[in-house]
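# Architecture at a glance
Each chain is listed here by its residues.
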Amino acid sequence: MHIHRVPDDGAPSVADGLLDDWLQLAAFVDSVDADAGKWLVTSHGISLTEYRALRNLAAAPDKELRVNVLAARIGLNQSSVTRLLDRLDTKGLTRRDICTEDGRGVYAVVTDRGEAVLRDANGPLAERIRRLLDQAPTTDPMPDPAHIGRIMTALGDLLNRATD
């Protein structure tokens, strides 16, 4: 059997370069998220994922979203968002409501207490992230700014194609 191999000149392909850039940026974002998440738990008693859920609910019309829509917006599957909402419900930050039109759909609704926690966390979290980004040159992993530019260009191209 004959296998055709492409000569390897040691140089990464454009796709490999973009992948490396993406992984470097993702690692950096993960490190910022980890720090912000620890701070949120210590300061406000909620995780970063819980915070994201509360933000999405608070920004939604009538302060509610179907559970499957919320799951998609925060990048969780149905069972994970159900467990997340169980925790938020227990803390009194959300409640669930049944869709009156079909009786099958379940909505997650942010409570007044949930909005208060969100309001208390918003400014300090933004400041925390600003400080983390200001310290970025001393953190590891630190993505190369040129790499970020390539990723953002590729992402912009992808989004433009998706909206055409």
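Up top is the structure.
Residues numbered from 1 in each chain as written. Predicted model: local features only at pLDDT ≥ 70, side-chain atom pairs only at ≥ 80, totals over all residues. Heavy atoms only, no water.

## Here's the deal with the overall build of the chain
Basically, it comes down to this: Counting from the N terminus, the helices are the DSSP runs of H or I reaching at least four residues and the strands are the DSSP runs of E reaching at least two. Buried means the residue's accessible area, taken with a 1.4 Å probe over protein chains only, is under 20% of the maximum for its type, while exposed means over 50%, and partly exposed covers the values in between.
Along the chain, the regular secondary structure elements total six helices and three strands. Across the chain, helices and strands are ordered from the amino to the carboxyl terminus as α-α-β-α-α-β-β-α-α. A burial count over the chain gives 28% of its 164 residues as buried.

## Focus: the environment of Thr-49
Filter applied, for reference: We call two residues in contact when some of their heavy atoms are within 4.5 Å.
Within the fold, Thr-49 resides in helix α2 (residues 48–59). Overall, Thr-49 belongs to the partly exposed group, its relative accessible area being 28%. C-alpha of Thr-49 to C-alpha of Val-81: the two residues are 32 residues apart in sequence and 9.6 Å apart in space. Not counting the four nearest positions on each side in its chain, Thr-49 is found in contact with Ile-74, Leu-76 and Leu-84.

## So, the packing of α2 against helix α3 (residues 67–74)
To keep things clear, this is the line we draw: Every angle, taken between N-to-C directions, lies between 0 and 180 degrees, and every axis is a line fitted to C-alpha atoms, over only the stretch in contact when it is a helix. Working definition: roughly parallel below 35 degrees, roughly antiparallel above 145 degrees, roughly perpendicular at 65 to 115 degrees, and oblique for all remaining angles. Left-handed describes a crossing in which the near helix is turned anticlockwise from the far one by less than a right angle; the clockwise case is right-handed.
In the contact formed by α2 and α3, the axes pass within 10 Å of each other and the chain directions differ by 125°. On the basis of their axis angle, the class for α2 and α3 is oblique. Regarding α2 and α3, the two cross each other, and that crossing is right-handed. Each of Thr-49, Arg-52, Ala-53, Asn-56 and Leu-57 in α2 lies in contact with α3, whose residues at this interface are Leu-70, Arg-73 and Ile-74.

## Quick notes on the sheet that holds strand β1 (residues 64–66)
Quick note on the threshold: When DSSP locates at least two bridges between a pair of strands, those strands are taken to pair.
Read from one edge of the open sheet, three strands run β1-β3-β2, paired in antiparallel fashion. Since the sheet does not close on itself, it has two edges, and those belong to β1 and β2 (94–98), each with one partner. Neighbouring strand axes in the sheet, compared pairwise and without regard to direction, differ in orientation by 30° on average. With three bridges joining them, β1 and strand β3 (residues 106–110) adopt antiparallel strand pairing. The residue bridging Arg-66 from the neighbouring strand is Tyr-107, located in β3. Lying on the sheet, α2 is in contact with β1, β2 and β3; it crosses β3 at an angle near 95°.

## Some remarks on the packing of α2 against helix α5 (residues 112–134)
Helices that pack against each other are described as a pair by the angle of their axes relative to one another and the distance between those axes. Threshold: Side-chain classes follow a simple rule in which Ala, Val, Leu, Ile, Met, Phe, Trp, Tyr, Cys and Pro form the nonpolar group, Asp, Glu, Lys and Arg form the charged group, and the remainder, Gly included, forms the polar group.
Viewed as axis vectors pointing N to C, α2 and α5 meet at an angle of 115°, and their least axial separation amounts to 10 Å. By the angle class used here, α2 and α5 are roughly perpendicular. Viewed along their axes, α2 and α5 form a crossing whose handedness is left-handed. Across the interface between the two elements, Tyr-51, Leu-54, Arg-55 and Ala-58 from α2 touch Gly-114, Glu-115, Leu-118, Ala-121, Asn-122 and Leu-125 from α5. Tallied by class, residues from the contact of α2 with α5 come to six nonpolar, two polar and two charged.

## Here's the deal with α5
Condition: Helices are assigned an expected span. That span is 1.5 Å times one less than the residue count. Throughout, the bend at a residue refers to the angle made by two axes, fitted to the seven residues ending there and to the seven starting there.
Here α5 spans 33 Å end to end across 23 residues, near enough to the 33 Å set by a 1.5 Å rise per residue. At Asn-122, α5 shows its maximal kink, close to 35°; a proline, Pro-124, follows between one and four residues later. By the burial criterion, the buried members of α5 are Gly-114, Glu-115, Val-117, Leu-118, Ala-121, Leu-125 and Leu-132.

## Concerning the nonpolar core
Heads up, the rule is: Here the nonpolar core consists of buried residues drawn from Ala, Val, Leu, Ile, Met, Phe, Trp, Tyr and Cys, with membership extended through side-chain atoms lying within 4.5 Å.
Ranked by internal contacts, the top residues of the largest apolar core, which has 27 residues, are Leu-40, Ile-46, Tyr-51, Leu-54, Leu-70, Val-81 and Leu-88. Within the residue set of this core, elements represented by two or more residues are α1 (14–44), α2, α3, α4 (78–90), β3 and α5. At six residues, α2 tops the list of elements feeding residues into this core. Tyr-51 has contacts with Leu-40, Ile-46, Leu-118, Ala-121, Asn-122 and Leu-125, leaving out every residue within four places of it along the chain.

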